[in-house]
Amino acid sequence: MVTSASIIWIRYRRAAVIGPSQPPRGSSGQENDRASSSSFKGGFAKILAVNNFWKEKTELPEGLKAELGELASGEPVFSFQIGNRRAALLKVDHRAFRKAFDLNRPYLFHGEFTAKGEDNDYSKADTYLLEGGLAGFAVSSDGWAYSLFSNERGGFLKGVAPFFKKKSNKLCCLCGEHNDRLARAYSDLLGYVLAAETADDEARMRTYYDDEFVNYFVEMNGKPRHLFFVAPPLKEKAKTVASYYDGVDFISSLYPLES
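Residues numbered from 1 in each chain as written. Predicted model: local features only at pLDDT ≥ 70, side-chain atom pairs only at ≥ 80, totals over all residues. Heavy atoms only, no water.

## Notes on the side chain of N120
Here is step 1 of the chain: Counting through the fold element by element, N120 comes out in the loop between α3 (94-104) and β3 (126-130).
Here is step 2 of the chain: Here Y122 takes part through its side chain, which lies 2.9 Å from a polar atom of the side chain of N120. (Helix = DSSP H or I, 4+ residues; strand = E, 2+ residues; numbered from the N terminus. Polar contact = N/O pair within 3.5 Å; in protein donor to acceptor, adjacent residues only side chain to side chain.)

So this is what it looks like as C-alpha cells:
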C-alpha cells in the first residue's frame, strides 16, 4: 500500500531522512504492498530497542565513512554548493547505491521509518550518491523519486534541487497529521507542489503493516496520510483522493516523465 520507506521526520541538518524509499505502484520500481516487507513485519519494538542511533543524532564511524567513499564511484553528473564547499553528485551502479543506503540507514536520525534496501528494486532505476556516499536518491524510469536520504551536513536537498527536478517530477511521502516537516521540506527546499493527498490511511495501513508499527506511528505523528508532490507547474488543482492507489494513478496519468 505504501512506499517502502515512508519517512516522517525531517531535520534541516545532518542525519536527516528526507524521502521515501520506494516508488509507488505504477512506476518501474518493484511494487511493495508491505505484506512481504522485511523492514516492518514482526518485532518492530525489538528493532527500535536494538538501534538507539535512530533516537539521537549520531556521527558515522570513520571506517564506515571510508567504505561509503569507496562505494561512491561513478560518473559526475552535477556540481553544487553544500555548506562551504563544492560537491559532486555521482551516477552510480544500483548495487553500490543499495549497499550505501543500507550502510547509512542505521545512522539516519529517526530512521525507524525507513525500509531496508532489500525491500526495493533499484535495478531499473537511475541511482545517485553524493561524493563520499553520505546522501543520495533513486529515480525510476517514469520519474518517481525514492530512497532520498542524507547523513550529510550542509543542505544536500536544497543544493541538489535543480538536478533533482530535471530527473524526477513526482514523489510520494507519508506524514502524520501532527508532523508535516517532510512535506514542508519538499515544498520549501525542492520547490515541489502538493498535487494530491489522502485524508486518513490508518485503517488501510493496518492491513499492510503490523499493528505495532501503526500504533507507534500514530503515537509519534498522529493519523497517517499520503501526500503526492510534483515538480511545478501544477496541472490541476490539488485534490483529496480516496486511497494511496488512487493518488498514484492520478499523478501517474497527469505527470509522465517529460524528456
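Moving on from the coordinates now.
## Quick notes on the packing of aromatic side chains
Here is step 1 of the chain: Evaluated as defined, the whole model comprises 15 aromatic pairs.
Here is step 2 of the chain: Taking the centre distance of 6.1 Å and the plane angle of 65° together, the rings of F97 and F149 count as edge-to-face. Here the residue F97 occupies a position in helix α3, and F149 occupies one in strand β5 (residues 145-150), the gap between them amounting to 52 residues.
Here is step 3 of the chain: Among the aromatic residues, those joined into a cluster by ring pairs are F78, F80, Y128, F137, F156, F163, F164 and Y192.
Here is step 4 of the chain: Here K235 stacks its cationic end above the ring of Y255, 4.8 Å away from the centre of that ring.
Here is step 5 of the chain: The residue whose ring lies beneath K239 is F250, and the NZ or CZ to ring-centre distance is 4.6 Å. (Phe/Tyr/Trp six-rings, centres within 6.5 Å; stacked < 30°, edge-to-face > 60°. Lys NZ or Arg CZ within 6 Å of the ring centre and 35° of its normal.)

## Quick word on the nonpolar core
Here is step 1 of the chain: In this structure, F137, F156 and F164 are the most contacted members of the largest nonpolar core, which totals 29 residues.
Here is step 2 of the chain: Looking at this core element by element, the count peaks at six residues for helix α4 (residues 156-167).
Here is step 3 of the chain: In this view, F164 contacts F137, A145, L148, L171, L190 and Y192; residues no more than four positions away in its chain are not counted.
Here is step 4 of the chain: Counting residues in each nonpolar core, the second largest holds 23 residues, with A196, M205, Y216 and Y245 among its members. (Core = buried A, V, L, I, M, F, W, Y, C linked by side-chain atoms within 4.5 Å. Buried < 20%, exposed > 50% of the residue type's maximum accessible area, 1.4 Å probe, protein only. Contact = heavy atoms within 4.5 Å.)

## Re the sheet that holds β3
Here is step 1 of the chain: Strand order in this open sheet of five strands is β1-β2-β3-β4-β5, and the pairing throughout is antiparallel. Sheet topology places β1 (75-82) and β5 at the edges, where each strand pairs with a single neighbour. The average undirected angle you get between the axes of adjacent strands in this sheet is 15°.
Here is step 2 of the chain: As judged from the four bridges shared by strand β4 (residues 135-139) and β5, these two strands associate in the antiparallel manner. Of the residues in β5, the one forming a bridge with V139 is A145. (Pairing = 2+ DSSP bridges. Axes fitted to C-alpha atoms, helices over the stretch in contact; angles between N-to-C directions.)

## Description of the pattern of salt bridges
Proximity of charged atoms lets side chains of opposite charge pair with each other.
Here is step 1 of the chain: Inspection of the entire model under this criterion finds 14 salt bridges.
Here is step 2 of the chain: Measuring nitrogen to oxygen at the nearest pair gives 2.5 Å for the salt bridge that ties E59 to K65.
Here is step 3 of the chain: Note on E59: relative accessible area 39%, which makes it partly exposed.
Here is step 4 of the chain: A salt bridge links E59 to R153; its shortest N-O distance comes to 3.6 Å. Remark: R153 occurs in the loop between β5 and α4 and E59 occurs in the loop between α1 (44-50) and α2 (62-71); sequence separation between them is 94 residues.
Here is step 5 of the chain: Classification of R153 as exposed rests on a relative accessible area of 52%. (Salt bridge = Lys/Arg side-chain N within 4 Å of Asp/Glu carboxyl O.)

## Notes on the sheet that holds strand β6 (residues 170-176)
Here is step 1 of the chain: If you walk across this open sheet you meet the four strands as β6-β8-β7-β9, and the pairing is mixed. Lying at the two open borders of the sheet, with one neighbouring strand each, are β6 and β9 (239-241). In this sheet, adjacent strand axes meet at a mean angle of 30° when their direction is disregarded.
Here is step 2 of the chain: Relative to strand β8 (residues 224-230), β6 runs antiparallel, the two sharing seven bridges. Note on β8: the bridge partner recorded for L174 is H226.
Here is step 3 of the chain: Contacts from helix α7 (residues 211-221) reach β6 and β8 within the one sheet, and its direction differs from that of β6 by about 80°.

## With respect to the environment of V160
Here is step 1 of the chain: Looking at the secondary structure, you find V160 in helix α4.
Here is step 2 of the chain: Given a relative accessible area of 0%, V160 falls into the buried group.
Here is step 3 of the chain: Separated by 79 residues in the primary sequence, V160 and Q81 have C-alpha atoms spaced 8.5 Å apart.
Here is step 4 of the chain: When near neighbours in sequence (up to four residues on either side) are disregarded, V160 contacts F78, F80, L89 and F137.

## Points about the pairing of β4
Consecutive residues of a regular strand have side chains that alternate between opposite faces of the sheet.
Here is step 1 of the chain: In terms of residue burial, β4 counts as a mostly covered element, since five of its five residues are buried.
Here is step 2 of the chain: Taking every second residue as pointing to the same face, both faces of β4 are buried, with A135, F137 and V139 on one and G136 and A138 on the other.
Here is step 3 of the chain: Looking at chain direction, β3 and β4 are connected through four bridges and run antiparallel. Among the inter-strand pairings, L129 is bridged to a residue of β4, identified as G136.
Here is step 4 of the chain: Joining the antiparallel neighbours β4 and β5 is a turn of five residues, in which G143 adopts a positive phi near 95°.

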